[in-house]
Amino acid sequence: HPDVYERGLINKSAKKTFTANVDLWSLGVTFYHVATGKLPFRPYEGRTNRFTMHEITSKKAPGIISGIQKEENGPIEWSDKLPEHTRLSQGLKEHIVKILANLLEPGMKFDDLFQAIENIKAMKIIHVYNAQSGTFHIIYANPEDNFARFQELVAIQTGVSARQQDLFYNNDTFKPSSMVNASTYPDTTEKKPILVLGGDSIPSEKICGQLELKKPKLHKSTSLESLDSDAVISKVVAKNVHYCLHNVKNLELSRILTLEAAENVITLLKRKARKYLDDAKAIESHCQSIVMKHHACLNGCNFEKEVMQLLGNDEDIPKEIVAELDILVRETDTFKKNMDKLQEAMATPMENLRTTAQTLLHDGELAKKWKDMNADEKPEN
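Residues numbered from 1 in each chain as written. Predicted model: local features only at pLDDT ≥ 70, side-chain atom pairs only at ≥ 80, totals over all residues. Heavy atoms only, no water.

The protein chain carries the name Serine threonine- kinase TBK1 in an unreviewed UniProt entry, which gives Paramuricea clavata as its organism. UniProt, in its Subcellular location (unreviewed entry) section for the protein chain, records the words "Cytoplasm". (UniProt positions renumbered as here; feature names shortened; annotations may be inferred.)

As structure tokens, this is what we get:
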């Protein structure tokens, strides 16, 4: 803590009182050290540079969790994030950074720290595998998060937008209702994650980007026999073996999950193709019925209503078929309107003709034929 540092190494005569914030600051420094393997505040030449150390710790801005001076009298490089090499999942990093930022500020209390830790413990941990990039991710979702929020969290880590995401789990599509929260999502593991497909194409060199596939450095052996030399060589060999084993396991798991994702996509495409075929047959049958009705010019037939009942709201119907049916509906509607106009136009001449017939024709054969032809009309008195 800057106050303790000042009292112990800068100005020993300074009269300062210390609170629990000193302990919380120490916890923040310890957490950072555990997460990264390095101290958060490092002046050039380390702790021996007392005045720069005090300047870094006392003048950092709110939210800053590290400050490093890489050259003598050089500038301080501030950061509000954990280093890239930190071996924590991206989802957990975000929550740890918030805790660190608060621990390194004077307003933090132990109750706040405990509550923040409890909040993390209560989160739903969801393992996700991006089949396109070959990368593993861990999503920390609040129990009350809905599916849209889950997709946002997936997009943040994978770079695949919610609109582009195709999610699979347990050999089926994963798309829970928006009314269902994350607490009810299935329990996932690294070996059984939710599979993510979609997004833009990825260069081959960036596939499996989480794996540092580098040639291990081997220690040069010497002709001298000593316990110290053997210990160093053994340590390097053990490190390289662990490194290779870790990467081989991840690559093998990536291979298995990528094949599983491909099988899920094939199954989904088969299912959709079968549905398209069934829909096409049904549409063809209905189209034939509609065309027959169109040619028959059945009075009072509402073609548009029948077609819309046929189409419904199924977005999977091919656009070409929808367009053709839409044209047919419009043509039928136009035809009906023209027939209605023709009937209206004929109403007056027919009335005049009927009046003339009643006037000129009496009880003859012509009058009888006229009555037979107009049996559905009521003759005037």
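K.L.:
Quick one: what's the story with the pairing of strand 8 (residues 194–197), residue by residue and with numbers?
P.N.:
Residue alternation in strand 8 divides its side chains into two sets, I194 and V196 and L195 and L197, and both sets are buried. The sheet contact formed by strand 4 (residues 124–130) and strand 8 spans three bridges and is parallel. Note that in strand 8 the partner of N130 across the bridge is V196. (Buried < 20%, exposed > 50% of the residue type's maximum accessible area, 1.4 Å probe, protein only. Helix = DSSP H or I, 4+ residues; strand = E, 2+ residues; numbered from the N terminus. Pairing = 2+ DSSP bridges.)

K.L.:
Describe in detail the pairing of strand 4, supporting the description with residues and values.
P.N.:
Taking burial as the measure, the seven residues of strand 4 include six buried ones, the bulk of the element. Pairing of strand 4 with strand 5 (residues 135–141), which is carried by seven bridges, proceeds in the antiparallel orientation. The residue of strand 5 that forms the bridge with H127 is I138.

K.L.:
Requested: an account of the pattern of salt bridges, with residues and values cited.
P.N.:
As enumerated under the stated definition, the model contains eight salt bridges in all. In this structure, the salt-bridge partner of E152 is R149, at a minimum N-O distance of 3.0 Å. Of this pair, E152 and R149 both sit in helix 6 (residues 147–158), three residues apart, which is roughly one turn of the helix. The class of E152 is partly exposed, set by a relative accessible area of 42%. When the shortest N-O distance is used, the salt bridge between E252 and R255 registers 2.7 Å. Here R255 and E252 lie together in helix 7 (residues 227–296), a separation of three residues that amounts to about one turn. Using a relative accessible area of 35% as the deciding quantity, one classes E252 as partly exposed. (Salt bridge = Lys/Arg side-chain N within 4 Å of Asp/Glu carboxyl O.)

K.L.:
Can you tell me about helix 2 (residues 20–36), naming the residues and giving the values?
P.N.:
Between its first and last C-alpha atoms helix 2 spans 25 Å; for 17 residues at 1.5 Å apiece the expected length is 24 Å, and the two agree. Every buried residue of helix 2 is listed here: N21, V22, L24, W25, G28, V29, Y32, A35 and T36. Buried residues along helix 2 cover an arc of 170 degrees about the axis, so they all sit on one side. Directly after helix 2, the chain includes G37, whose backbone phi takes a positive value near 85 degrees. (Expected span 1.5 Å × (residues − 1). Arc of directions from axis to C-beta.)

K.L.:
Can you tell me about the packing of aromatic side chains, naming the residues and giving the values?
P.N.:
Counted under the stated rule, the structure contains eight aromatic pairs. Between W25 and F41, the aromatic rings sit 5.7 Å apart at their centres with planes inclined by 20 degrees, giving stacked as the arrangement. Of this pair, W25 sits in helix 2 while F41 sits in strand 1 (residues 41–42), placing them 16 residues apart in sequence. Seen in terms of ring centroids, F147 and F174 are 6.2 Å apart; in terms of plane orientation they differ by 70 degrees. Their pairing is edge-to-face. Here the residue F147 occupies a position in helix 6, and F174 occupies one in the loop between strand 7 (172–173) and strand 8, the gap between them amounting to 27 residues. Its relative accessible area of 8% is what places F147 among the buried residues. Members of the aromatic cluster, joined through ring pairs, are F147, F150, F174 and Y185. The ring of Y169 carries K192 above its face, with NZ or CZ at 5.5 Å from the centroid. (Phe/Tyr/Trp six-rings, centres within 6.5 Å; stacked < 30°, edge-to-face > 60°. Lys NZ or Arg CZ within 6 Å of the ring centre and 35° of its normal.)

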